[in-house]
Amino acid sequence: MVYKIRVILDAKESIFRDIEIKDKQTLWNLHLGIKSAFSLSGEELSSFYFSDEEWSEGRAVPLEDMSEEGDGEIMSDVYVNEGFTQKGDKMRFQYGFLDLWEFFCELIDVTEEKPAVNYPITVYRFGNVPLKAPSKNGVSGGSSKKSAIPFMDDDFGFEDDFKSANFDDADEFGDDDEEEEGYNDDIFEDDED
């Protein structure tokens, strides 16, 4: 069987793609199909999340195993028909680390497999994909969106401390930082016999 999955970009504008994929392919294959359909470059971290009717994030299925034991479930372990058991089932997909792309995936149709088709395949495109990940308020660039690094140095005022500091050669005791004459830094000097 072939599953038609509508993948909607979380953006202010309507931007979505319909992707057909075999039911016995894995979420890793769907991940590749989404990357291709939305022209996402690179090899960023990503995860699928099982979701309910309100798109709440459930169990995560990451691209790579991040568990300490090394036995966690990953995308290549989960078949598409396990993630989407019936029409209307939903999953969320997140791609990226610093620029977080968020997608809503819903199974909209189940059909017969067509011969000589290389699945997954994008069968319908609507809307233009922005160059950067859209933020939660719909503006590209991701500056006001939730990300994996919520605080930057300027949030703590470090930059202001360095602007007012005077970095000359004298320390607080009036000594300069130059080496004193005869001082030897190399304590492991080779003795020649």
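Let me sum up the structure you'll find in this document. (Residues numbered from 1 in each chain as written. Predicted model: local features only at pLDDT ≥ 70, side-chain atom pairs only at ≥ 80, totals over all residues. Heavy atoms only, no water.)

1. Here we look at the overall build of the protein
- Helix and strand content of the protein: 3 helices and 7 strands.
- Tracing the protein from N to C terminus, the helices and strands come up as β-β-α-β-β-α-β-β-β-α.
- By the burial criterion, 35% of the 193 residues in the protein qualify as buried.
- Taking the intrachain contacts of the protein between residues at least 6 apart in sequence as the baseline, contacts between residues at least 24 apart amount to 59%.
- When the accessible surface of the protein is summed, it comes to about 13000 Å², and 47% of that surface belongs to carbon and sulfur atoms. (Helix = DSSP H or I, 4+ residues; strand = E, 2+ residues; numbered from the N terminus. Buried < 20%, exposed > 50% of the residue type's maximum accessible area, 1.4 Å probe, protein only. Contact = heavy atoms within 4.5 Å. Areas by Shrake-Rupley, 256 points an atom, 1.4 Å probe, with all protein chains shown as cover.)

2. Considering the nonpolar core
- Among the nonpolar cores identified, the biggest contains 30 residues, and Ile5, Leu30, Ile34, Phe38, Phe48, Phe84 and Phe103 are the most heavily contacted of them.
- Elements with a minimum of two residues in this core: strand S1 (2-9), strand S2 (16-22), helix H1 (27-37), strand S3 (46-51), strand S5 (90-95) and strand S6 (101-111).
- Ignoring any residue separated from it by four or fewer positions in sequence, one finds isoleucine 5 in contact with Arg17, Asp18, Ile19, Ile21, Leu30, Val80, Phe84, Cys105, Glu106 and Leu107. (Core = buried A, V, L, I, M, F, W, Y, C linked by side-chain atoms within 4.5 Å.)

3. Some points on the pattern of salt bridges
- The final tally for this structure, using the stated rule, is 8 salt bridges.
- Between lysine 35 and glutamate 43 there is a salt bridge whose closest N-O contact spans 3.2 Å.
- Under the relative-accessibility criterion, lysine 35 is labelled buried at 9%.
- Residue class for glutamate 43 comes out exposed when judged on its relative accessible area of 69%. (Salt bridge = Lys/Arg side-chain N within 4 Å of Asp/Glu carboxyl O.)

4. Some details on the layout of surface pockets
- Computed from the structure, the second largest pocket encloses a volume of approximately 240 Å³.
- Of the residues that constitute the lining of the second largest pocket, the class distribution is 10 nonpolar, 3 polar and 3 charged. (1 Å grid on protein atoms, 1.4 Å probe; cavity = no way out; pocket = protein on both sides within 12 Å on 5 of 7 lines; lining within 4 Å. Points joined across faces, edges and corners; volume = space filled by probe spheres on them. Nonpolar A, V, L, I, M, F, W, Y, C, P; charged D, E, K, R; others polar.)

5. Description of the environment of aspartate 52
- Looking at where aspartate 52 falls in the secondary structure, it is placed in the loop between S3 and strand S4 (57-62).
- Under the relative-accessibility criterion, aspartate 52 is labelled partly exposed at 35%.
- Taking C-alpha positions, aspartate 52 is 9.7 Å from arginine 92, a pair spaced 40 residues apart along the chain.
- A polar atom in the side chain of aspartate 52 sits 3.0 Å from the backbone nitrogen of glutamate 54. (Polar contact = N/O pair within 3.5 Å; in protein donor to acceptor, adjacent residues only side chain to side chain.)

6. So, the packing of aromatic side chains
- Counted by the stated rule, this structure contains 6 aromatic pairs.
- Look at phenylalanine 93 and phenylalanine 103: their rings are 5.9 Å apart centre to centre, the planes differ by 40°, and that puts the pair in the tilted class. Highlighted residues: phenylalanine 93 in strand S5 and phenylalanine 103 in strand S6, separated in sequence by 10 residues.
- For phenylalanine 93, a relative accessible area of 0% translates into the label buried.
- Three or more aromatic residues joined by ring pairs form one cluster here, namely Phe38, Phe48, Phe93 and Phe103.
- Lysine 24 extends its terminal NZ or CZ atom over the ring of tyrosine 79, reaching a point 5.8 Å from the ring centre. (Phe/Tyr/Trp six-rings, centres within 6.5 Å; stacked < 30°, edge-to-face > 60°. Lys NZ or Arg CZ within 6 Å of the ring centre and 35° of its normal.)

7. Focus: the sheet that holds S3
- Ordered in space as S4-S3-S5-S6-S1-S2-S7, the 7 strands form an open sheet in which the pairing is antiparallel. Lying at the two open borders of the sheet, with one neighbouring strand each, are S4 and strand S7 (121-126). Sheet twist, expressed as the average angle between the axes of neighbouring strands with direction ignored, equals 25°.
- Relative to S2, S1 runs antiparallel, the two being bridged by 7 bridges. Bridge pairing in S2 links lysine 4 to glutamate 20.
- Where H1 meets the sheet, its contacts fall on S1, S2, S3, S4, S5, S6 and S7, and the angle it forms with S2 comes to roughly 145°. (Pairing = 2+ DSSP bridges. Axes fitted to C-alpha atoms, helices over the stretch in contact; angles between N-to-C directions.)

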